[in-house]
Amino acid sequence: MSGGYEKCYRRWEDDPEAFWEEAAQHLHWYRKPTRIFDADAAVYGRWFAGGETNTCYNCIDRHVEAGRGDELAIVHDSPLGHGKQRFTYRETLTEVMAMAAVLIDHGIEKGDRVIIYMPMIPQAVFAMLACARIGAVHSVVFGGFAAHELATRIDDCQARAIIGASCGLEPGRIVPYKPLIDHAIDLADTKPAYSFILQREQMPATLNATFGDVDLGAALDQQRAQATIVDCVPVAATDPLYILYTSGTTGQPKGVVRDNGGHMVALTWSMQAIYGIRPGELFWAASDIGWVVGHSYIVYAPLLAGSATLIFEGKPVGTPNAGTFWRVIAEHGVKALFTAPTAFRAIRKEDPNGDHVGEHDISSLQALFLAGERADPETIRWAETHLNVPVIDHWWQTETGWAIAANPLGLGLLPQKYGSPTVPMPGYRLAILDDAGHPVAPGTLGNIVIRLPLPPGCLTTFWNADQRFRQACLDEFPGYYKTADAGIIDEDGYVHVMARTDDIINCAGHRLSTGAMEEVCAMHPDVAECAVIGIADPIKGQIPCSFLVLKNRVDRDFGDIRREIMQLVRDEIGAVAALKTVVEVQRLPKTRSGKILRGTMQKIADGLPWTMPATIDDPAILTEITDLLAAHGISPSGKSVAGF
Ligand code: COA
Ligand code: AMP
């Protein structure tokens, strides 16, 4: 890994297949790939074709067999549940085998889809690994999503079973998961045969065996007592390991499919080259297993690399205070922390002078990694000042599964530019194209695209929807994958990610579709038309704001309608959507062809310079919107900078 970033990137550029073949050698294969990259396979080619492997074997068994069974694999720290647990690799293997045995006992087989809807507890990780062990395809659904979202996913992947828990824990409240699971099954057309429910003492659920409910804790106890051995099932490197649904431009989420072989190779490489983590060291991704960061860097990458991972059931603030992160780092000896900038903004708000940091010995910490949204320079500087370690912004998305651009600690850090996630990683050849698909000059804003093929570890397609994948990601710029992010590459080759080009917003590090929220708002009987945009928020980055045009003759208190809309979005999408700003407007600004001018509305709301669109139907509406936003205290200083 020596020689620095430039050398490594050049080595990849010179011979990508040789580069990834070498990276693959550190892993276990039942059968070596016959082709490192099969360019003929759908949709854009496949990595490690012909190979056979098992991701769980590489995460757990391989290390136990290498004599590292007594080393630490998983730490669970739950300020919300008041508990802490540690598992060695050998103990993890026992737990994963017990979970796999339960699944097999109930007829779950290779290729079956299993939904995991669990809070941040070790059993969630055991469940993911157990699926991988038997070749079942897991799909983890974030606990903050409501029953309807869960139902959509059950139907899309035709889940055979759900692994859940009786409840999740949020500050100040217990979230009953079981009724959500039951409701989702009622809503879905596909009826999973089993719901395996782990009873948590904070709120046990009523289980009904006739409807397929299984007491997961009891079933695990039984398998552990019998010391059931469950061998890993060899799967094709190109077989799906998991499906992770993410927000698209409609209410129908996209099922990002990750394979076994490419995923293992890319994540293992990244652990050392990007994060600088070695076997035996403790890595902490303070995210949730329901998001891609959780999949890649709470579960798979640390274990593939033979390091240890920390599962945290708490929040950066309020559990119990803004010093929690530092307490966890000190207590467990965390080497690297990975979280979203929003978490640091929340901490800084509570503890502006970083007083809590001084209360703990955080000398084990080597670096802080930030992703999920643009890392604003102020947040980076605050973290640098108080933690006294490199703060590394890196850019990626659910679809890629690992960093597109980063400052690779393991290869040797490059000079930092605040506001830039630094440079493309080996595997990614980036270009900036204008809307017509032409490359732009360095420093010019445009669409950030990745030259095909995507590297190992990136999505192979959308679940059962190759054509949707092509349309959404590949068709607009032939030969490239469209990231749907806009940005620039400067004269030094540094990437700057500025904004999404679609209707995705980033709220507290969570990826949300404003299109999906519009669909829900439109369900309200009094709503004639609506537009949802993301507006700037000092802590969460962005928050959704809904503009409603009510139907004629609606004569109700708007306060009531606002509350109903907020509840509807909470019920249909989930608490995580956090729609709290709902504004009534008489009309929405549109182009003459009827397209709502969401981009302009957003600029007004954020107080950014904006241009009156030449195609606007009625310019006066934007003035009305500006006044309205100002009246709601939303617009700081929006002003039009140009005429027609
Ligand atoms: N299960 C059930 N409900 C959940 C949930 C879960 N797993 N996660 C969040 N929610 C609920 C919250 O309780 C909250 O509900 P409320 O409106 O009744 O209070 C709502 O969803 C919004 O939650 P959140 O977005 O987390 O906002 P917050 O104000 O509770 O906390 C932060 C704000 C910034 C502290 C928090 O979002 C955070 O730590 N973000 C970092 C996120 C992250 O790491 N993202 C992954 C990318 S690396
Ligand atoms: P998700 O799929 O939830 O990981 O969200 C991916 C999106 O978050 C990206 O397409 C970007 O819009 C945004 N994002 C993630 N990391 C960064 C970053 N470091 N800088 C800027 N935007 C980011």
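Residues numbered from 1 in each chain as written. Chains lettered and ligands numbered in written order. Predicted model: local features only at pLDDT ≥ 70, side-chain atom pairs only at ≥ 80, totals over all residues. Heavy atoms only, no water.

Defined as follows: UniProt positions are given in the numbering used here, feature names are shortened, and annotations may be inferred rather than shown by experiment.
An unreviewed UniProt entry lists the protein chain under the name Propionyl-CoA synthetase, with Rhizobium halophytocola as the source organism. The UniProt entry for the protein chain carries the following text under Sequence similarities (unreviewed entry): "Belongs to the ATP-dependent AMP-binding enzyme family."

## So, the packing of helix α4 (residues 89–105) against helix α5 (residues 122–134)
Selection rule: Only the stretch in contact is used when a helix axis is fitted, and all axes are lines through C-alpha atoms; the angle between N-to-C directions ranges over 0 to 180 degrees. Labels follow the DSSP assignment, with helices taken as runs of H or I lasting at least four residues and strands as runs of E lasting at least two, numbered in each case from the N terminus. Here is the rule for handedness: rotate from the far helix to the near one, and if that takes an anticlockwise turn smaller than a right angle the crossing is left-handed, while a clockwise turn gives right-handed. In what follows, a contact means two residues having at least one pair of non-hydrogen atoms within 4.5 Å. Residue type decides the class: Asp, Glu, Lys and Arg count as charged, Ala, Val, Leu, Ile, Met, Phe, Trp, Tyr, Cys and Pro as nonpolar, and the leftover types, Gly among them, as polar.
Between α4 and α5, whose axes approach to 8 Å, the crossing angle comes to 65°. Our pair here, α4 against α5, has a crossing hand that is right-handed. Here T92, L93, E95, V96, M97, M99, A100, L103 and I104 of α4 lie close against α5, whose contacting residues are Q123, F126, A127, L129, A130, C131, R133 and I134. Taken together, the residues that form the contact of α4 with α5 break down as 13 nonpolar, two polar and two charged.

## Some points on the packing of α5 against helix α10 (residues 292–304)
Our working rule: Here roughly perpendicular refers to angles of 65 to 115 degrees, roughly parallel to angles under 35, roughly antiparallel to angles over 145, and oblique to all remaining angles.
The geometry of α5 relative to α10 is characterised by a closest axis approach of 11 Å and an angle of 60° between their N-to-C directions. Taken together, the axis directions place α5 and α10 in an arrangement best described as oblique. As α5 runs across α10, the sense of the crossing is right-handed. Within the contact between the two elements, α5 uses V125, M128, L129 and A132 and α10 uses H295, V299, Y300 and L303.

## Observations regarding the UniProt feature "domain: Acetyl-coenzyme A synthetase N-terminal" (unreviewed entry) in the protein chain
Under the local residue numbering, the UniProt record ascribes the feature "domain: Acetyl-coenzyme A synthetase N-terminal" (unreviewed entry) to residues 5–59. Annotated as 44% helix and 18% strand, the span residues 5–59 places its first and last C-alpha atoms 27 Å apart.

## With respect to the site of ligand 1
The criterion, for reference: Near is defined per residue: the residue qualifies when any heavy atom it owns lies within 4 Å of the molecule or strand. Here a polar contact means two N or O atoms within 3.5 Å. Within protein one must be a hydrogen donor candidate and the other an acceptor candidate, and residues neighboring in sequence count only if both atoms are side-chain atoms. Using a 1.4 Å probe, accessible areas were evaluated by the Shrake-Rupley method; residue-level cover was limited to the displayed protein chains.
Near ligand 1 there are 23 residues, and of these E170, R173, K315, P316 and R570 occur at the shortest range. At 3.5 Å, a backbone N or O of A508 approaches a nitrogen atom of ligand 1. Considered on its own, ligand 1 offers 940 Å² of accessible surface; in the complex 82% of this is hidden by protein. Class assignment for the residues of the shell around ligand 1 results in ten nonpolar, seven polar and six charged.

## A word on the pairing of strand β15 (residues 254–259)
For clarity, the cut-off: Any residue under 20% of the maximum accessible area for its type is buried, any over 50% is exposed, and the rest in between are partly exposed; the area is computed with a 1.4 Å probe on protein chains only. Here, a strand pair is defined by DSSP locating no fewer than two bridges between the strands.
Of all the six residues making up β15, six are buried; the element is thus mostly covered by neighbouring parts of the structure. Of the two faces of β15, the one lined by K254, V256 and R258 and the one lined by G255, V257 and D259 are each fully buried. Relative to β15, strand β14 (residues 240–246) is paired through six bridges, and the arrangement is antiparallel. Each bridged residue has a counterpart across the sheet, and for T246 the counterpart in β15 is K254. For β15 and strand β25 (residues 461–462), the ladder comprises two bridges, and the chain directions are antiparallel. Note on β25: the bridge partner recorded for V256 is F462.

## Brief notes about the site of ligand 2
Close contacts around ligand 2 come from 15 residues, with H394, T398, D485, R500 and R511 the closest. In the environment of ligand 2, a nitrogen atom lies 3.0 Å from a nitrogen or oxygen atom belonging to the backbone of G372. In isolation ligand 2 has 500 Å² of accessible area, and contact with the protein removes 93% of it. When its residues are assigned to classes, the shell around ligand 2 shows four nonpolar, five polar and six charged.

## Details of helix α14 (residues 466–474)
To be explicit about the condition: To be clear, the arc concerns the directions from the helix axis to the C-beta atoms.
Burial in α14 covers these residues: F469, C473 and L474. In a view along the axis of α14, the buried residues occupy a sector of 70°, so they form one face of it. In this structure, the buried residues of α14 make contact with β25 and β26 (480–489).

## A look at the sheet that holds strand β19 (residues 367–370)
Here we have seven strands laid out as an open sheet, ordered β5-β4-β17-β16-β18-β19-β20, and mixed in their pairing. Looking along the sheet, the strands with just one partner apiece sit at the ends: β5 (83–88) and β20 (391–393). Along the sheet, successive strands turn relative to each other by an average axial angle of 20°, direction set aside. Where strand β18 (residues 336–339) meets β19, four bridges bridge the pair, whose relative direction is parallel. Paired with L337 across the two strands is L368, which belongs to β19. In the packing of helix α13 (residues 377–387) onto the sheet, contacts are made with β19 and β20, and the angle to β20 comes to roughly 155°.

## So, the sheet that holds strand β23 (residues 430–433)
Strand order in this open sheet of four strands is β23-β24-β26-β27, and the pairing throughout is antiparallel. Across the chains shown, the open sheet's two edge strands, defined by having one partner strand only, are β23 and β27 (495–500). Each strand of the sheet is rotated relative to its neighbour by a mean of 50°, with strand direction disregarded. Sheet analysis places strand β24 (residues 446–451) next to β26, joined by five bridges and oriented antiparallel. By the bridge assignment, R451 is partnered in β26 with Y480.

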